[in-house]
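Listed below, chain by chain, are the residues.
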Amino acid sequence: MSTYTDRIQPTNSAISTYLDNLLARKYQIPTFQRDIVWEKENVKKLWDSIYKFYPLGSILIWKTSTKLESHREIGGIELADNFSSNEYQYILDGQQRTTALLTSIYGDKIVCKNKFNPTLYVEFTDATDDTSYIKRFLFWDEIDDKNGQNKGNKSKNERYEEKLIVKLEDIKNDYGNVERNLYKGGYGNFDHPYRQQLAKCKEVLDNYRMSFIKLRGIEVAEFCQIFERINQAGKPLYIFDIVVAKTFRIEDKKNNIPGFYLRELINNFRKSIASSQYANVDDWTLLQILAVVVKLSFPNAGIQNITDKYLNELKTEHIEAVWSNFKIAVVKIFDFFDNILHIKGTRLIPYRYLYLTITAYFYRNDKPDYSFLNKYFWYYSFHNADLLINTTHLWQHIDFVNQQKANSTYSFNQFDIDKNSIRKSFYSYRGRLSRAILSLYANHKPQDWAKPHRDVLSDVYYLLTDKPNLHHIFPVNFIKQSGIASHIESDSLMNIAYLSQITNLKISEKNPLDYLKEYDDPDLETVLCSHLIPTIILEWSRTDALPEHALTIFIEERVNLLLEALRLKLDGIEFNVFDMGNRTDNIYS
């Protein structure tokens with residue numbers, strides 16, 4: 001029986017042994033370890049620390065039975081790719097040091113470092129100052145005089161020809177020959193500084209001990225946390241990276257088995273829907289959608305939930321089996337959000353789980369009921385209770401939509417909504433109700449005040465940054481300057497409308513009575529209605545008079561318009577409005 005102390009195993013190994021084990025594939029670097037960022041100076045300092053027997057810090061190794069996609073080369077050095085084992089050892093922290101050590105000895109080109117050979121050479125000088133490593137350890141571009149053209153390297157090239165500058169690899173693998181060359185060069189005395197430097201380098205390679213901490217019995221979710229905490233750049237490791245590495249399969253032409261690379265499949269899928277505003281849905285969400293459809297197709301596959309623990313159980317063969325229908329279902333849900341609900345951006349979807357539940361509905365569904373989907377979306381986006389906030393709710397929802405898919409029957413309970421919650425909603429991408437309100441505004445295809453009959457929410461508009469062009473109908477500075485009395489915050493979403501950037505800048509902080517006059521024509525009432533804006537404000541503009549508490553009156557009118565629009569979308573469902581602001585309840589049947 002394992003204990004917590006078994007999870008951490010400190011150990012050590014000689015540098016030469018570690019490098020030989022790397023070449024023998026006893027350690028692997030998983031593909032989610034990508035970037036090589038060390039510069040030449042860092043490599044020299046690394047070897048200077050080893051030369052002086054300074055500690056380097058431990059290499060962290062994850063020992064697991066899970067087979068991941070791993071690099072078949074390190075720093076451009078080809079490694080054997082025919083390894084298999086009952087337990088794998090992945091380098092969790094120490095990729096940079098490992099790559100620097102391996103390429104220093106065995107050379108070749110570091111990825112993304114074209115024309116730079118990282119093979120390290122040692123010069124047998126007698127330098128002892130703190131910066132001696134700069135001259136002691138050299139790269140070929142510091143030695144090569146290019147046949148006399150690079151005069152700065154002339155003396156070092158001469159020492160190289162005299163066998164006084166040699167490769168670290170030769171000291172490791174051909175020590176006797178290096179020693180003989182020094183002897184032939186006139187440095188036969190064992191006490192000569194050059195011979196002493198050679199002996200010191202050999203001692204370092206033979207006796208310097210690399211420290212390792214090996215982790216065993218670590219689950220994937222915990223592994224991701226450990227990776228982020230020990231990673232010096234604070235770069236998180238996501239479950240998507242693990243699943244990509246774990247499900248990777250090399251093509252086997254001999255047995256007619258195709259390769260499989262989930263990251264490439266996802267990237268190609270994104271390219272195929274590049275024109276959609278939903279092409280940027282994150283990898284994690286797509287992976288969770290995959291888990292849902294795998295569970296629907298393979299109930300015994302072990303995918304009981306969408307948490308990291310169960311995402312880790314996704315198998316290559318299951319993803320392959322659902323992939324075609326998965327893509328169709330995801331395209332349908334993006335089309336539903338984009339072209340039916342007119343919500344042209346991921347930022348306004350009230351719940352992340354809606355991607356999962358609605359995809360489950362579209363999955364292998366040739367005759368979707370869009371009337372049902374519309375009711376489903378608006379019911380759960382606006383219901384006073386948060387009814388889709390955890391995985392328990394998620395599976396209940398999936399059962400509900402699948403019941404409709406199978407039987408074309410469904411029944412919604414009474415819809416409850418607090419009028420005061422609408423009144424008090426403020427702009428926030430994170431708030432479920434705020435997103436729902438902005439989605440409802442977008443759904444009505446609001447038109448441009450300056451150019452009626454032109455939709456504000458074009459594809460160009462929805463290239464959102466942090467905020468779209470949301471205009472305060474009663475501008476904040478105007479409210480402050482005019483002293484309009486109101487217990488309603490000016491940032492209420494009831495005081496917000498979508499506008500084009502040009503129109504928004506033009507009217508800026510003006511009195512609404514004034515700027516509405518600029519756009520008052522026969523179409524303006526229709527335009528305001530497309531924003532769910534009460535036309536009472538237009539009446540005030542035409543009479544050039546704001547009543548007392550105008551903002552409060554306006555917001556109450558707009559709340560009522562929003563509720564009426566929502567009631568129409570939920571036609572046939574008992575619609576219960578209550579007001580926690582004044583405790584007055586209303587029932588709409």
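The rules behind the values
Residues numbered from 1 in each chain as written. Predicted model: local features only at pLDDT ≥ 70, side-chain atom pairs only at ≥ 80, totals over all residues. Heavy atoms only, no water. Helix = DSSP H or I, 4+ residues; strand = E, 2+ residues; numbered from the N terminus. Buried < 20%, exposed > 50% of the residue type's maximum accessible area, 1.4 Å probe, protein only. Contact = heavy atoms within 4.5 Å. Areas by Shrake-Rupley, 256 points an atom, 1.4 Å probe, with all protein chains shown as cover. 1 Å grid on protein atoms, 1.4 Å probe; cavity = no way out; pocket = protein on both sides within 12 Å on 5 of 7 lines; lining within 4 Å. Points joined across faces, edges and corners; volume = space filled by probe spheres on them. Phe/Tyr/Trp six-rings, centres within 6.5 Å; stacked < 30°, edge-to-face > 60°. Lys NZ or Arg CZ within 6 Å of the ring centre and 35° of its normal. Core = buried A, V, L, I, M, F, W, Y, C linked by side-chain atoms within 4.5 Å. Pairing = 2+ DSSP bridges. Axes fitted to C-alpha atoms, helices over the stretch in contact; angles between N-to-C directions. Salt bridge = Lys/Arg side-chain N within 4 Å of Asp/Glu carboxyl O. Parallel < 35°, antiparallel > 145°, perpendicular 65-115°, else oblique. Nonpolar A, V, L, I, M, F, W, Y, C, P; charged D, E, K, R; others polar. Polar contact = N/O pair within 3.5 Å; in protein donor to acceptor, adjacent residues only side chain to side chain.

Draft legend 1. Representation of the overall build of the chain in the model. When you go through the chain residue by residue, the secondary structure sums to 25 helices and 14 strands. For the chain, with 589 residues in total, the buried portion stands at 50%. Expressed as a percentage of contacts within the chain between residues at least 6 apart in sequence, the contacts between residues at least 24 apart total 72%. Counting every atom, the chain has about 28,300 Å² of accessible surface; 47% of that belongs to carbon and sulfur.

Draft legend 2. Structural context of empty space enclosed by the protein. Summed over all chains, the structure comprises three cavities of 30 Å³ or more. Reported here for the largest cavity is a volume of approximately 40 Å³. Looking at the largest cavity, the residues that line it are W47, Y51, F137, L168, C201, V204 and L205. Within the residue set of the lining of the largest cavity, elements represented by two or more residues are α2 (40–51) and α8 (193–207). Tallying contributions element by element places α8 first for the lining of the largest cavity, with three residues.

Draft legend 3. Layout of the packing of aromatic side chains. Per the stated rule, a full pass over the model turns up 41 aromatic pairs. Each ring, one from Y18 and one from F212, has its centre 5.0 Å from the other, and the planes form 65°; the classification is edge-to-face. Of the two residues, Y18 is situated in helix α1 (residues 15–23) and F212 in strand β9 (residues 209–216); the sequence distance between them amounts to 194 residues. Each member of the pair, Y18 as well as F212, carries the same accessibility label: buried. Judged by centre distance (5.7 Å) and plane angle (85°), the rings of F248 and Y261 are edge-to-face. Of the two residues, F248 is situated in the loop between α10 (239–247) and α11 (262–272) and Y261 in the loop between α10 and α11; the sequence distance between them amounts to 13 residues. Note on F248: relative accessible area 22%, which makes it partly exposed. Y261 sits in the partly exposed class, given a relative accessible area of 27%. Positioned above the aromatic ring of W395 is the side chain of K295, whose terminal nitrogen or guanidinium carbon lies 5.3 Å from the ring centre.

Draft legend 4. Inspection of the nonpolar core at higher detail. Membership of the largest hydrophobic core comes to 124 residues, with the highest contact counts inside it found for L262, F337, F382 and W449. Looking at this core, the element that brings in the most residues is helix α14 (residues 316–340), giving 10 residues. Ignoring any residue separated from it by four or fewer positions in sequence, one finds F382 in contact with F415, D416, I417, I422, R432, L433, A436, I437, L440, L562 and L566. Core analysis: the next-biggest nonpolar cluster, separate from the first, contains 40 residues, Y27, L46, Y133 and F212 among them.

Draft legend 5. Focus on the sheet that holds strand β8 (residues 165–167). Reading across the sheet, the three strands line up as β7-β6-β8 and stay open at both edges, with antiparallel pairing between neighbours. Two strands in the sheet have a free side with no partner beyond their single neighbour: β7 (137–139) and β8. The sheet shows a mean angle of 40° between the axes of neighbouring strands, taken without regard to direction. When strand β6 (residues 120–123) meets β8, the two strands line up antiparallel, connected through three bridges. Residue pairing for β8: E123 is matched across the bridge by I165.

Draft legend 6. Expanded view of the pattern of salt bridges. If you walk through the whole model with that rule in mind, you get 26 salt bridges. Ionic pairing is found between R249 and E320, a salt bridge with its closest N-O pair at 2.5 Å. One end of the pair, R249, is in the loop between α10 and α11; the other, E320, is in helix α14, and 71 residues separate them in sequence. E320 gets classed as partly exposed once you look at its relative accessible area, which sits at 33%. A salt bridge links D338 to K344; the shortest N-O distance between them is 2.9 Å. The burial state of D338 is the same as that of K344; both residues are buried. Through salt bridges that share partners, D48, K52 and R136 make up one connected network.

Draft legend 7. Molecular detail of the environment of Q288. Considering the arrangement of structural elements, one finds Q288 in helix α12 (residues 283–297). Distance in space between the C-alpha atoms of Q288 and I306 is 5.6 Å, their sequence separation being 18 residues. Apart from the residues lying within four places of it in its own chain, the contact partners of Q288 are I306, L311, R352 and L356.

Draft legend 8. Summary view of the packing of α1 against helix α3 (residues 95–106). Running from N to C, α1 and α3 cross one another at 90°; their axes reach a closest spacing of 11 Å. On the basis of the axis angle, α1 is roughly perpendicular to α3. Counted together, Y18, L19, D20, L22 and L23 of α1 and T98, L101, L102, I105 and Y106 of α3 form the full contact between these two elements. Class assignment of the residues belonging to the contact of α1 with α3 gives a composition of eight nonpolar, one polar and one charged.

Draft legend 9. Summary view of the side chain of N305. Following the sequence through the fold, N305 ends up in the loop between α12 and α13 (308–311). You can call N305 buried: its relative accessible area is 15%. A polar side-chain atom of N305 sits 3.4 Å from a polar atom in the side chain of T391. At a separation of 3.3 Å, a polar atom in the side chain of N305 contacts the side chain of W395.

Draft legend 10. Representation of the sheet that holds strand β5 (residues 88–93). Pairing in this open sheet of four strands is mixed, and the strands run β1-β9-β2-β5 from one edge to the other. Where the open sheet ends on each side, the last strands, each with one partner, are β1 (8–14) and β5. Across the sheet, the mean angle separating the axes of adjacent strands is 35° when strand polarity is ignored. One ladder, built from seven bridges, connects β1 with β9; its direction is antiparallel. Bridge pairing in β9 places I8 opposite L215. Where α1 meets the sheet, its contacts fall on β1, β2 (59–64), β5 and β9, and the angle it forms with β1 comes to roughly 105°.

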